[in-house]
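In case you want the letters, here they are:
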Amino acid sequence: LTDTPSIVGCGCFARAKHREVPTVFVAFDVAQLLGSATLAEHDMDTRLDLTPWMVDVFVAPEFRRRGIASVPVRCVVREAAELGVAELYLFTTGH
């Protein structure tokens, strides 16, 4: 047995409609939410010329370092590609 949950899927839980920006993707197993990532129009007030962004990438602390973030991140990348996005931006503080 492994202590890594079996990811059932990556769903779209919309702050807006699917196939639009913004869209939130959530990785989950049968019993709980594990992590999320969002495709958003803007992330930095100082760089409004850059769009769209991958933002709010989060995995619950007890599930980190298990590759779970890759699920909603891939969903964001796929969604952006399906919307015709050639470049996707990401800001990190390096933590």
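Provided above is the structure to which this section pertains.
Residues numbered from 1 in each chain as written. Predicted model: local features only at pLDDT ≥ 70, side-chain atom pairs only at ≥ 80, totals over all residues. Heavy atoms only, no water.

A. Representation of unusual backbone geometry in the model. For the peptide bond that leads from T51 to P52, omega is -5°, which places it in the cis range. Mapped onto the secondary structure, P52 falls in the loop between β3 (33-40) and β4 (53-59). For D56, which is not a glycine, the phi torsion comes out positive at approximately 55°. Looking at the element boundaries, D56 is found in strand β4. In this structure D56 comes out as partly exposed when scored by relative accessible area, which is 46%. Notably, R65 is not glycine yet its phi reads approximately 65°, a positive angle. Of note, R65 is situated in the loop between β4 and α1 (70-82). (Helix = DSSP H or I, 4+ residues; strand = E, 2+ residues; numbered from the N terminus. Buried < 20%, exposed > 50% of the residue type's maximum accessible area, 1.4 Å probe, protein only.)

B. Focus on the environment of L50. Among the structural elements, L50 can be located in the loop between β3 and β4. By relative accessible area, L50 is classed as buried at 15%. Residues within four places of L50 in sequence aside, it is in contact with E41, H42 and Y89. (Contact = heavy atoms within 4.5 Å.)

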